[in-house]
Amino acid sequence: MATYTTEIASDKLISDNPIHQRLLKAYIAAQPWISGKLLEVGCGEGRGVEILLPHAEGYLGIDKIQEVIDMLRAKFPKVEFQQAVIPPFHGIEDNSFDTVVSFQVIEHIENDKLFLEEIYRVLKLGGKAIISTPNINHTLSRNPWHVREYTPQQLIDLSKSIFDKVEAKGVGGTEKVWKYHQANRESVQKIMRFDIFDLQHKLPASILRMPYEILNRMNRNKLHKQKSTNSVEITHEDYPIVEDPKEGLDLFYILHKK
């Protein structure tokens, strides 16, 4: 039986629904930009495979966890998956993909510049990459699973140093979503009152992960039980793509190679 960390966010746990729907939206929103040969960097458990496949002529998903790759190969026998620790993208040739997607991955990568350079390298001329990552301006606490998070401008500057054109958008929220987010913020602030020494920013990430998981899971379960948050009623349609990335809970960028 799978054990889901709060970082993964499961479609099988009701308390994870708002996060799952938010992550799902990136795949749904990416559909108009998908064409030709598609590479997904950090495919995870395949949340968006069935959404993206109809728009691509071929699909390769890569992820670092072999058990996940084995599961995906069994679930999608006609689709190609490879285990890979990235960057760099070993074994993937230059100019070999029309589209690359990578959702909620770059924040986990130590060398984020090399990560984007590798995406640029494997894209064909005229190709596009669609990436998403949390907007740090709406982050409620330090996430010990993330190496860093970005302001909209930080990610624009990094992307423009590599790609020829950057379309910066965001994954926003309806009133229902922002109500849930505010309830989440208030709940997290109550927990953070006990961190009088600001240990969340001082301790190594490896030490923080266990308490983060416990408290985050407890918090999601608590929010689920609060009927005022309507967490089970939130769908991907409650996360519209917005033109101003500052308004997004997540940053959603389309990067072009000309």
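Structure: above.
Here is what the cut-offs are and how they apply
Residues numbered from 1 in each chain as written. Predicted model: local features only at pLDDT ≥ 70, side-chain atom pairs only at ≥ 80, totals over all residues. Heavy atoms only, no water. Pairing = 2+ DSSP bridges. Helix = DSSP H or I, 4+ residues; strand = E, 2+ residues; numbered from the N terminus. Contact = heavy atoms within 4.5 Å. Axes fitted to C-alpha atoms, helices over the stretch in contact; angles between N-to-C directions. Parallel < 35°, antiparallel > 145°, perpendicular 65-115°, else oblique. Left-handed = near helix turned anticlockwise from the far one by under 90°. Nonpolar A, V, L, I, M, F, W, Y, C, P; charged D, E, K, R; others polar. Buried < 20%, exposed > 50% of the residue type's maximum accessible area, 1.4 Å probe, protein only.

(A) The arrangement of the sheet that holds strand 2 (residues 58-63) in detail. Pairing is mixed across the open sheet formed by 8 strands, whose spatial order is 3-2-1-4-5-8-6-7. Two strands close off the open sheet at either side, each with one partner strand: strand 3 (80-83) and strand 7 (241-242). Where strand 6 (residues 165-171) meets strand 7, 2 bridges bridge the pair, whose relative direction is antiparallel. Its bridge partner being in strand 7, glycine 170 is matched across the sheet by valine 242. Sitting on the sheet, helix 4 (residues 112-122) touches strand 1 (37-41), strand 4 (97-103), strand 5 (123-134) and strand 8 (250-256), and the angle it makes with strand 5 is about 150°. Sitting on the sheet, helix 5 (residues 152-160) touches strand 5, strand 6 and strand 8, and the angle it makes with strand 8 is about 15°.

(B) Here's a closer look at the packing of helix 6 (residues 175-192) against helix 8 (residues 205-225). As a packed pair, helix 6 and helix 8 sit with axes 11 Å apart at the nearest point and diverge in direction by 135°. Between helix 6 and helix 8, the interaxial angle falls into the category oblique. Of the two possible hands of crossing, helix 6 and helix 8 adopt the one that is right-handed. Residue-level inspection shows Tyr180, Ala183, Asn184, Ser187, Val188 and Ile191 of helix 6 in contact with helix 8, the latter providing Leu215, Asn219, Lys222 and Leu223. Looking at the contact of helix 6 with helix 8, its residues break down into 6 nonpolar, 3 polar and 1 charged.

(C) Molecular detail of the environment of phenylalanine 163. Mapped onto the elements, phenylalanine 163 comes out in the loop between helix 5 and strand 6. Between the C-alpha atom of phenylalanine 163 and that of phenylalanine 252, which follows or precedes it by 89 residues, the distance is 15 Å.

(D) View of the pairing of strand 1. Most of strand 1 sits inside the fold, with 4 of its 5 residues counted as buried. The pairing of strand 1 with strand 2 spans 5 bridges and is parallel. Bridging from a neighbouring strand, leucine 38 pairs with tyrosine 59 of strand 2. Sheet topology note: the strand 1/strand 4 ladder contains 3 bridges and is parallel. Pairing of glutamate 40 across the sheet is with valine 101, part of strand 4.

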